[in-house]
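The lines below spell out each chain.
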Amino acid sequence: MNLDELREAVVACNGKPFQAKQLAQWLYGKRELEFDRMTNLSKELRNNLQQRYRLLTSTVVAREESGEGTTKLGIRLHDGMIIEAVLMRETRADGAERVTTCISTQAGCAMGCRFCASGQLGLKRHLSAGEILEQLLHLSVLMREQAQAVDWLTNVVVMGMGEPLHNFDNLLKALTILNAEWGFHFGARRVTVSTVGLPDRIRQLAEQGYQFNLAISLHGVDDASRTALIPTNAGLAKILDAAKYYFEQTRREVTFEYTLVGGKNDDLDTAQRLVELVKDFPRANVNLIPMNPVENSGLETPTTEAVNVFTEELRLAGVNVHVRRRRGRRVQAACGQLRLKLEEASSG
Ligand code: SF4
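Residues numbered from 1 in each chain as written. Predicted model: local features only at pLDDT ≥ 70, side-chain atom pairs only at ≥ 80, totals over all residues.

> What exactly am I supposed to notice about the overall build of the protein chain here?
A tally of helices and strands in the protein chain yields twelve helices and twelve strands. Here the C-alpha atoms of the protein chain give a radius of gyration of 21 Å, agreeing with the 20 Å that 2.2 N^0.38 yields for 348 residues. With 348 residues in all, the protein chain has 42% of them scored as buried. (Helix = DSSP H or I, 4+ residues; strand = E, 2+ residues; numbered from the N terminus. Rg over C-alpha atoms; globule rule 2.2 N^0.38 Å. Buried ≥ 20, exposed ≤ 12 C-beta atoms within 10 Å, placed from the backbone.)

> So what exactly am I meant to see when it comes to the domain arrangement of the protein chain here?
Buried accessible area, meaning the area lost when the parts come together, often serves as the stated size of an interface. Split by domain assignment, the protein chain resolves into domain 1 (3-52) and domain 2 (59-347). Each partner contributes to the interface: domain 1 provides seven residues, whereas domain 2 provides seven residues. In terms of residues, the side of domain 1 that touches domain 2 owes the most to one element, helix α2 (residues 19-29), which gives four residues. Tallied by class, the residues present in the side of domain 1 that touches domain 2 amount to four nonpolar, one polar and two charged. (Domains from an automatic or database assignment. Contact = placed C-beta atoms within 7 Å. Nonpolar A, V, L, I, M, F, W, Y, C, P; charged D, E, K, R; others polar.)

> I keep staring at helix α9 (residues 236-250) and nothing clicks. Help me out?
An α-helix turns once per 3.6 residues; consequently, residues spaced three or four apart project the same way. The terminal C-alpha atoms of α9 lie 21 Å apart, and with 15 residues this matches the ideal 21 Å at 1.5 Å per residue to within 8%. For α9, every residue scored as buried is listed here: Ile239, Leu240, Ala242, Ala243, Tyr246 and Thr250. One face of α9 carries all of its buried residues, which in axial projection span an arc of 160 degrees. Of the exposed residues in α9, those oriented more than 90 degrees away from the buried face are Ala237 and Glu248. Positive phi shows up at arginine 251, right after α9, with a value of about 60 degrees. (Expected span 1.5 Å × (residues − 1). Arc of directions from axis to C-beta.)

> Help me understand the site of the ligand in this model?
Among the twelve residues in the neighbourhood of the ligand, the closest are listed as Cys109, Met111, Cys113, Cys116 and Gly119. Taken together, the residues of the shell around the ligand break down into seven nonpolar, four polar and one charged. (Near = placed C-beta within 6 Å.)

> Would you take a moment to explain the nonpolar core for this structure?
As a rule of thumb, soluble globular proteins bury nonpolar side chains together. By size, the foremost hydrophobic cluster in this structure holds 87 residues, and its most contacted members are Leu178, Ile202 and Val286. Beyond its immediate chain neighbours, meaning those up to four positions away, valine 286 contacts Phe256, Tyr258, Val278, Leu314, Val319 and Val321. (Core = buried A, V, L, I, M, F, W, Y, C linked by C-beta atoms within 7 Å.)

> Got a minute to help me understand the sheet that holds strand β3 (residues 82-91) in this structure?
Hydrogen bonds between backbone atoms are what pair the strands of a sheet, whose relative direction is either parallel or antiparallel. Strand order in this open sheet of ten strands is β1-β2-β3-β4-β7-β8-β9-β10-β11-β12, and the pairing throughout is mixed. The sheet is open, and its two edges are formed by β1 (59-65) and β12 (320-323), each paired on a single side. Sheet twist, expressed as the average angle between the axes of neighbouring strands with direction ignored, equals 20 degrees. Both strand β2 (residues 70-76) and β3 contribute to a ladder of seven bridges, which runs antiparallel. Among the inter-strand pairings, lysine 72 is bridged to a residue of β3, identified as valine 86. (Pairing = 2+ DSSP bridges. Axes fitted to C-alpha atoms, helices over the stretch in contact; angles between N-to-C directions.)

> I keep staring at the packing of helix α5 (residues 129-146) against helix α6 (residues 168-179) and nothing clicks. Help me out?
Each pair of packed helices can be described by the angle between their axes along with the distance between the axes. Close contact between α5 and α6 brings their axes to 8 Å; oriented N to C, the two are set at 45 degrees. The orientation of α5 relative to α6 falls into the category oblique. For the element pair α5 and α6, the recorded crossing hand is right-handed. Facing Ala129, Ile132 and Leu133 of α5, the residues of α6 in contact are Asn170, Leu171, Lys173, Ala174, Ile177 and Leu178. Here the contact of α5 with α6 is composed, by residue class, of seven nonpolar, one polar and one charged. (Parallel < 35°, antiparallel > 145°, perpendicular 65-115°, else oblique. Left-handed = near helix turned anticlockwise from the far one by under 90°.)

> I keep staring at the pairing of β2 and nothing clicks. Help me out?
Remark: a regular strand shows side chains that alternate across the two faces of the sheet. In terms of burial, β2 is a largely internal element, six of the seven residues being buried. The antiparallel pairing of β1 with β2 creates a hairpin that spans four residues between the two strands, and glycine 67 there sits at a positive phi of about 80 degrees. Adjacent in sequence and paired antiparallel, β2 and β3 are bridged by five residues, among which glycine 80 carries a positive phi angle near 95 degrees.

So, in structure tokens, the structure goes:
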């Protein structure tokens, strides 16, 4: 619920309109999951809220730890659909601890990317704004249990199951609550929206007045090779135009994600063509992601040597390039894999 909706809810429960902000402070600021502990609300209001509303509609049904700072939650929605949220802890070179989550926006995904477990089953449904944000509440519980010095997220990446911009209205509502001072008060610059590249939606997001980071999955250097991996490819030229527009409107750097698939798009010639695509782009960043193994995809992980050669080629050409470490390989780390396993288990 946004603040207007909370106000309506509070008034319907015999509360005063100003108490909506107090309720928002408990829900989003303190991430309190029991009405009864919201002590500056009257007992009557707490009881009425308790009778009419649920604070969570989903439950955590699986938890996998990688032992290298990554925890993946399998979350069952009210209708039995399963989504995933991942928590990653890492200590950066400067000693600062970074705690990033990767959250889902859809059950399944309509984009059909061949290297992705979520894409194999198609779209089941969009998540509501509440279901998107509930993942953060489940992670908050997890982080309290972990009882580490950094007990709340430093970064949110919307890159889990689903194509966020395909569920635009619910995504925007969730991000608005995430960012709002009365909401989670989480800085837009610490939030990254990762998309397969829906040009019209990228433009629409650019016009909302927020400074969210944008990451675009390229994965190919021409439309033929890209379409082979992303069947719903909207066309590289249109996507890159929309990305430039995003930068012009928001002044936020755009990151290009590039999944390296062994023997498909990890050769030197492809690296040079990737340089050509991004080199004129204002402040281009490229994240290289060596593909995680996905059963039945027919695609291979790249060799370490291929990853190194590819990276060096970009670096020498002056591209700001990072290789994403393969985190959590032991926790079914490619998006959708945990869900596939859970669904197989419950149907078997
Ligand atoms: S990689 Fe992302 S956009 Fe592609 S199918 Fe998987 S979840 Fe969807």
